[in-house]
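These are the residues of each chain, in order.
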Amino acid sequence: MKDGITRDDFARMIAGAAASIRAQHAMLSQLDCAAGDGDHGTTMLRAVERLEKSFAPGSPEDLKACLREAGWNVLGVDGGASSSLLGTFFSGMADAPACGASIGASDLAAIFEAGLAAMRKQTKAEPGDKTMMDALVPAIQALRAAADAGKSVIEALRDAAGAARAGAEATRNLTARYGRAKLLGEKTRGHQDPGATSMSLMFEGFCSGFEESKGESGNA
Amino acid sequence: MPMKKFINRPENIVPELLEGFALSHPKQIRLTGSNLVARATPKAKGKVGVVTLGGSGHEPGLSGFVGEGMLDISVAGEIFAAPGAPRCLEAIRLADYGAGVLFIVLNHAGDVLSANITMEMAKREGLNVKMALTHEDIAGGSNPEDRRGLVGFLPVYKVAGAAAEQGGSLDTCLEIAERMGRNMRTLAVAVQTATHPSTGQPIFELGDDEMEIGMGQHGEAGTGRMKLKTADETAEIVLEMLLKDLEVKPGEELLVIVNGAGATTLMELFILFRRVHQILKAKGIKLVRSQVGEFITTQEQAGFQLMIARMDAELIRLWDAPSNAPYFVVR
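What you are looking at is a predicted structure, and each value in this text was computed from that prediction instead of being measured.

1. Here's the deal with the overall build of chain A
Here is step 1: Of regular secondary structure, chain A possesses 8 helices and 0 strands.
Here is step 2: Its C-alpha atoms give chain A a radius of gyration of 16 Å, within 12% of the compact-globule value 17 Å for 220 residues.
Here is step 3: Counting contacts in chain A only where the partners sit at least 6 residues apart, residues at least 24 apart contribute 67% of the total.

What follows is the structure, given as structure tokens:
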């Protein structure tokens, strides 16, 4: 299955996301100063480092087991709501029935949907509330739409990254309704949400990580 | 302005502060498991364990209140950020002495998320744990979900901790914690921001001549910014808002806590308390217990929290019970 995703591809996607967060973590902390306490970049950096470690050589061969461990490790970042939600996202992915050795775009969408479903048990935040959901929900919807339209994994990931970016950029015009920023209300307008921005960066990283993965295997 | 703090590497702040705290109070506390702050001498079997969680950078909150008669274990997170569920679950397992565990959580988004995930996992493991949420900051408005947990954690730890120490059941301890919680109100006032010790960035902006009433623990925007007022004027505004919200009537008995945010001096706190005392006396409200000091801080933030709580005979008895917690010794 040429277009499928293996555990190793997933590891590359995670590495891509980590590289993307690593390159932008100072910007994320800066964004967080507007309505938070300026540590979002640091928290995300610690979270992606743990994600990478969960997929490093020596970690479980099984994608499901890897995701469960990754989720637990991210929960252990001790970085407040961001790491609790991100950890829930990854451990929730492991509940997807399709979570096997080699998966296609539709299975990948199902994995991300399972992660989102787990998050929704913990937060009532929806798109429009100026949180990471503003990037995550449209990204997963775009992934599902692409998969249903028969697009390849990389096309689906590109669509998802595009939707995440648009969702994150749109948070600039929103008023926060969740978390610490909620209490700032209208004052949050004009600032892009750091959580949505980091989600968008993660999807960009998933995309570039997967491209690299397939690029290399193509050369081999 | 560059940050001037005595730290080493930013990523080592939390482990180093916990190490220093434990070393400075070896008779009362110790570190156990994954850097959990626990009592030096564990509680006797058959008594309820009391656990809390919260971000660091607010010392002596919250770990300063671990000790006989108060908390069994405190789970400290990163700077201003809640610890995740794995360490909270570990703490609950360790604090289960056979009579269940009371998990006291301050209402802040990250803390509640971690606590809810922890509660799910604990229940899956068959642990007997109940959660008490503190949310007494009236700046959040009328919806209790929007009210954050501020210095009111102190009386809740104290009375629930005393009830647990005296052999109360988990349901009794929960009822005491919730009764205390229902009867307390807090407002925070800020006059100067703090820098985040890891990033060196100010956590909010406030004009040189401004103060903000209804500031939360970290500079979450509150109810009102205004020109700086005198101690008496400020105490009057804040106390009136609290008395109105709690619907305090003449003759009722109150506990009052004035908590310094970090850079406000005890001198100022006493001047504020003096005015609170005068107003209560004039209104015929009995001030039965009081505390003035630093119980939860936010670095060099300047400002204070004023908390009032309606007390009954049982709550007073539990408030007066002994504690050897490093930052709340009662003999």
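2. Quick notes on the overall build of chain B
Here is step 1: The helix and strand tally for chain B stands at 8 helices and 14 strands.
Here is step 2: Its C-alpha atoms give chain B a radius of gyration of 19 Å, near enough to 20 Å, the size a compact globule of 331 residues would have.
Here is step 3: Principal axes of the C-alpha set define a box for chain B whose edges measure 50 × 50 × 35 Å.

3. Here we look at the interface of chain A and chain B
Here is step 1: Facing the 27 residues of chain A at the interface are 28 residues of chain B.
Here is step 2: It is helix α4 (residues 80-93) of chain A that contributes the most residues to the side of chain A that touches chain B, 7 residues altogether.
Here is step 3: In terms of residue class, the side of chain A that touches chain B is made up of 9 nonpolar, 13 polar and 5 charged.

4. Digging into the sheet that holds strand β7 (residues 184-192) of chain B
Residue and element names in this part refer to chain B.
Here is step 1: Here we have 6 strands laid out as an open sheet, ordered β9-β8-β7-β12-β10-β11, and mixed in their pairing. The sheet is open, and its two borders are formed by β9 (224-227) and β11 (286-293), each paired with just one other strand. Direction aside, the axes of adjacent strands within the sheet are offset by 15 degrees on average.
Here is step 2: Looking at chain direction, β7 and strand β12 (residues 302-310) are connected through 8 bridges and run antiparallel. Bridge pairing links Ala190 to Gly303 in β12.

5. Here's the deal with the packing of helix α6 (residues 133-148) of chain A against helix α7 (residues 153-170) of chain A
Residue and element names in this part refer to chain A.
Here is step 1: Between α6 and α7, whose axes approach to 7 Å, the crossing angle comes to 155 degrees. By the criterion of interaxial angle, the relationship of α6 to α7 is roughly antiparallel. Considering the relative orientation of α6 and α7, their crossing is right-handed. Along its contact with α6, which presents Asp134, Ala135, Pro138, Ala139, Ile140, Gln141, Ala142, Leu143, Ala146 and Ala147, the element α7 presents Glu155, Ala156, Asp159, Ala160, Gly162, Ala163, Ala164, Ala166, Gly167, Ala168 and Ala170.
Here is step 2: Looking at the contact of α6 with α7 residue by residue, the class counts come to 15 nonpolar, 3 polar and 3 charged.

6. A closer look at helix α6 (residues 231-246) of chain B
All names here are of chain B.
Here is step 1: Taking 1.5 Å of rise per residue, 16 residues should cover 22 Å, and α6 covers 22 Å from first to last C-alpha, within 8% of that figure.
Here is step 2: Turning to α6, its buried residues are Thr234, Ala235, Val238, Leu239 and Leu242. Seen from one end, α6 has its buried residues packed into an arc of 115 degrees, which puts them on one side. Structural note: α6 exposes Glu233, Glu240 and Lys244 on the side pointing more than 90 degrees away from its buried face.
Here is step 3: Packed against the buried residues of α6 are β7, β8 (210-213), α7 (266-283) and β12.
Here is step 4: Where α6 ends, the next residue or the one after it, Glu247, has phi of about 55 degrees, a positive value.

7. Quick word on the domain arrangement of chain B
Residues and elements named next belong to chain B.
Here is step 1: Once the domains are mapped, chain B shows domain 1 (13-182 + 320-330) and domain 2 (184-313).
Here is step 2: A separation of 23 Å is found between the C-alpha centroids of domain 1 and domain 2.
Here is step 3: Facing 21 residues of domain 1, the contacting portion of domain 2 comprises 28 residues.
Here is step 4: If you list the elements that add at least two residues to the side of domain 1 that touches domain 2, you get α4 (153-165) and α5 (170-182).
Here is step 5: Taken together, the residues that form the side of domain 1 that touches domain 2 break down as 12 nonpolar, 5 polar and 4 charged.

8. A closer look at the nonpolar core
Here is step 1: The biggest cluster of nonpolar side chains holds 180 residues, and the ones touching the most others in it are Leu143 and Ala160 of chain A together with Leu102, Ile104 and Ala160 of chain B.
Here is step 2: When residues are assigned to domains, this core turns out to be shared by domain 1 (13-182 + 320-330) and domain 2 (184-313) of chain B, each giving three or more.
Here is step 3: Once residues within four sequence positions are removed from consideration, Ala160 of chain A is found in contact with Ala139, Ile140, Ala142, Leu143 and Phe203 of chain A.

9. Quick look at the sheet that holds strand β3 (residues 49-56) of chain B
All names here are of chain B.
Here is step 1: In space, the 6 strands of this open sheet follow the order β1-β2-β4-β3-β5-β6, with mixed pairing throughout. Of all strands in the sheet, those bounded by a partner on one side alone are β1 (29-32) and β6 (129-134). Here the strands of the sheet are splayed against their neighbours by 25 degrees on average, with no regard to which way each runs.
Here is step 2: The sheet contact formed by strand β5 (residues 101-106) and β6 spans 6 bridges and is parallel. If you follow Val105 over to β6, its bridge partner there is Leu133.
Here is step 3: On top of the sheet, helix α1 (residues 13-24) reaches β1, β2 (36-39), β3 and β4 (73-79); it is set at about 145 degrees to β4, its chief contact.
Here is step 4: Its contacts with the sheet put α4 on β3, β5 and β6, and the angle it makes with β5 is roughly 175 degrees.

10. Section: the confidence of the model for chain B
Here is step 1: Mean pLDDT over chain B works out to 95, with 97% of the residues at or above the 70 mark.
Here is step 2: Listed scores for the predicted complex are pTM 0.92 and ipTM 0.87.

11. Let's talk about the environment of Thr41 of chain B
Residue and element names in this part refer to chain B.
Here is step 1: Among the secondary structure elements, Thr41 is positioned in the loop between β2 and β3.
Here is step 2: Assessed through the 13 C-beta atoms surrounding it within 10 Å, Thr41 is described here as partly exposed.
Here is step 3: Each C-alpha atom of the pair Thr41 and Ser290 lies 29 Å from the other, and the pair is 249 residues apart in sequence.

12. A few points about the packing of α4 of chain B against α5 of chain B
All names here are of chain B.
Here is step 1: Close contact between α4 and α5 brings their axes to 9 Å; oriented N to C, the two are set at 155 degrees. The orientation of α4 with respect to α5, classified from their angle, is roughly antiparallel. For α4 against α5, the interelement crossing comes out right-handed. The residues of α5 that touch α4, namely those facing Pro155, Val156, Val159, Ala160, Ala163 and Ala164, are Thr172, Cys173, Ile176, Ala177, Met180 and Gly181.
Here is step 2: Residue composition of the contact of α4 with α5, by class: 10 nonpolar, 2 polar and no charged.

13. With respect to the pairing of strand β10 (residues 253-260) of chain B
All names here are of chain B.
Here is step 1: Counting buried positions along β10 gives 7 out of 8 residues, so the element sits mostly inside the fold.
Here is step 2: Here β10 runs beside β11; their pairing, made up of 7 bridges, is parallel. For Leu255, the partnering residue across the bridge sits in β11 and is Arg289.
Here is step 3: Regarding topology, α7 serves as the crossover connection from β10 to the parallel β11, and that connection is right-handed.
Here is step 4: In this sheet, β12 lies alongside β10 in antiparallel orientation, the contact comprising 7 bridges. Looking across to β12, one finds that Val258 is bridged to Leu306.

Basis of the calculations
- Residues numbered from 1 in each chain as written.
- Chains lettered and ligands numbered in written order.
- Predicted model: local features only at pLDDT ≥ 70, side-chain atom pairs only at ≥ 80, totals over all residues.
- Helix = DSSP H or I, 4+ residues; strand = E, 2+ residues; numbered from the N terminus.
- Rg over C-alpha atoms; globule rule 2.2 N^0.38 Å.
- Contact = placed C-beta atoms within 7 Å.
- Nonpolar A, V, L, I, M, F, W, Y, C, P; charged D, E, K, R; others polar.
- Pairing = 2+ DSSP bridges.
- Axes fitted to C-alpha atoms, helices over the stretch in contact; angles between N-to-C directions.
- Parallel < 35°, antiparallel > 145°, perpendicular 65-115°, else oblique.
- Left-handed = near helix turned anticlockwise from the far one by under 90°.
- Expected span 1.5 Å × (residues − 1).
- Buried ≥ 20, exposed ≤ 12 C-beta atoms within 10 Å, placed from the backbone.
- Arc of directions from axis to C-beta.
- Domains from an automatic or database assignment.
- Core = buried A, V, L, I, M, F, W, Y, C linked by C-beta atoms within 7 Å.
- pLDDT = per-residue confidence, 0-100.
- Right-handed = clockwise from strand over helix to strand, strands pointing away.

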